[in-house]
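What follows is the residue order along each chain.
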Amino acid sequence: TFQTNQYFANMSQNYFAMAVPSYLGTWGLSVNMLSSDDLERTTMSSGKAGQVLGNFEARDMAVSFGWGAEFSHGVTVGLNGRFLQSTIDKISATAFAGDVGLQIQPISNWSLGLAVKNVGTGVKFQTVEDPLPTTINLGTAFRFLPGRNLICSLDLNKPKAESFSINMGVELTVLDHFS
């Protein structure tokens, strides 16, 4: 897949992703870039605050490489590694992150999943480091009415520095391709 978005203030996003199945599982690659150009550089000194000194660019990029496979009937594992780079003018910061996920299906209409996302180094610009938003997700889904595909789901999310959140959802397929 490929996607491009043009936002306000000369911002744009370009995204590319692909997946390739193999006998060792499915491999994936994605590249996500967000950029903005022609941002005004201004002074901060008193008496001249706001004086325009020219323009600069800012860019964020994430390159991810992932793999997933079903180990045995009903047990699926996925891993993802990511390189992150953020650039403001001529100063860049990089970070590395990873995700791991496990899904089990104890019976045919019930699944449980666990994911740990954004584990890795923080993004450090000169002397200031921002930690990655590490999150733990636990979820379950149950399929009712096999002919109608009524699915109820519940997720618990725990970001590193925040409290738990709960997400719930219901999906009903009323026609073969309409949910």
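One can find the structure itself at the top, above this paragraph.
Calculation criteria
- Per chain, residues are indexed from 1 in the order of the written sequence.
- In keeping with the model being predicted, local features are shown solely for residues with a pLDDT of at least 70 and side-chain atom pairs are shown and tallied solely at 80 or more, while totals for entire chains, interfaces and linings include all residues.
- Excluded from the side-chain calculations are hydrogens and water; all other atoms, namely the structure's heavy atoms, are used.
- In DSSP terms, a helix is any run of H or I states spanning at least four residues, a strand is any run of E spanning at least two, and both are numbered starting from the N terminus.
- Here the radius of gyration uses the C-alpha set of atoms, whereas the globule reference equals 2.2 Å times the residue count to the power 0.38.
- The rule is simple: take the accessible area with a 1.4 Å probe, protein chains only, and divide by the maximum for that residue type; under 20% is buried, over 50% is exposed, in between is partly exposed.
- Any two residues having at least one pair of non-hydrogen atoms within 4.5 Å are treated as being in contact.
- Stacked, tilted and edge-to-face pairs are distinguished by plane angle, under 30 degrees for stacked and over 60 for edge-to-face with tilted covering the rest, among Phe, Tyr and Trp rings (Trp via its six-membered ring) whose centres lie within 6.5 Å.
- A pair of strands is treated as paired once DSSP finds two or more bridges between them.
- To get an axis, fit a line to the C-alpha atoms, keeping to the stretch in contact for a helix; angles then go from 0 to 180 degrees between the N-to-C directions.
- For the purposes of this section, nonpolar cores are sets of buried Ala, Val, Leu, Ile, Met, Phe, Trp, Tyr and Cys residues that join through side-chain atoms within 4.5 Å.

Student: Which parts of the structure should I look at to understand the overall build of the protein chain?
Tutor: Tallying secondary structure elements over the protein chain gives 0 helices and 12 strands in all. When the helices and strands of the protein chain are listed from N to C terminus, the series reads β-β-β-β-β-β-β-β-β-β-β-β. Against the compact-globule benchmark of 16 Å for 179 residues, the protein chain has a radius of gyration of 22 Å, which places it well outside the compact range. The principal-axis extent of the C-alpha atoms belonging to the protein chain is close to 70 × 35 × 35 Å.

Student: Would you mind showing me how to read the environment of Leu112 here?
Tutor: The topology assignment puts Leu112 in strand 7 (residues 110-120). Exposure remark for Leu112: the relative accessible area of 28% places this residue in the partly exposed category. Distance from Leu112 to Asp155, taken between C-alpha atoms, is 9.7 Å for residues 43 residues apart in sequence. When neighbours within four sequence positions are excluded, Leu112 is seen to be in contact with Leu102, Gln103, Ile104, Pro106, Gly139 and Thr140.

Student: What am I meant to see in the packing of aromatic side chains here?
Tutor: Aromatic ring pairs are described here by two measures, namely the spacing of the ring centres and the angle between the planes. Summed over all chains, the structure comprises 5 aromatic pairs. Between Phe142 and Phe144 the ring centres are 4.7 Å apart and the planes differ by 55 degrees, which places this aromatic pair in the tilted class. The class of Phe142 is partly exposed, set by a relative accessible area of 27%. Put simply, the rings of Trp27, Phe65, Trp67 and Phe71 touch in pairs and so form one group of aromatic residues.

Student: Would you take a moment to explain the sheet that holds strand 6 (residues 91-107) for this structure?
Tutor: Whether parallel or antiparallel, the strands of a sheet pair through hydrogen bonds between backbone atoms. Spatially, 1-2-3-4-5-6-7-10-11-12 is the arrangement adopted by the 10 strands of the open sheet, whose pairing is antiparallel. Two strands bound the open sheet, and with one partner strand each, they are strand 1 (2-6) and strand 12 (165-172). Across the sheet, the mean angle separating the axes of adjacent strands is 15 degrees when strand polarity is ignored. Where strand 4 (residues 52-72) and strand 5 (residues 75-88) come together, 14 bridges link them in antiparallel fashion. In the strand pairing of strand 5, Gly66 is matched with Asn80.

Student: Would you explain the pairing of strand 12 in this entry?
Tutor: In regular strands, side chains alternate between the two faces of the sheet. Note that strand 11 (residues 150-159) and strand 12 share 8 bridges and pair antiparallel. Of the residues in strand 12, the one forming a bridge with Leu156 is Ile166.

Student: Looking at this structure, how should I read the nonpolar core?
Tutor: A general trend in soluble globular proteins is that nonpolar side chains are found buried together. Ala62, Leu84, Ala93, Ala95, Ala97, Val123 and Leu132 form the largest nonpolar core, which has 7 residues in total. Element by element, the count of residues in this core is highest for strand 6, at 3 residues. Residues contacting Ala95, with those up to four places away along its chain left out, are Arg82, Phe83, Leu84, Thr121, Gly122 and Val123.

Student: Just checking my understanding: could you explain the pairing of strand 4 for this structure?
Tutor: Pairing analysis gives 15 bridges linking strand 3 (residues 25-42) to strand 4, with the strands arranged antiparallel. From the neighbouring strand, Glu40 faces strand 4, where its bridge partner is Asn55. Hairpin remark: strand 4 followed by strand 5, antiparallel, with 2 residues in the connecting loop; positive phi at Gly74, about 90 degrees.

Such coordinate-based values are descriptive only and should not be taken to indicate function.
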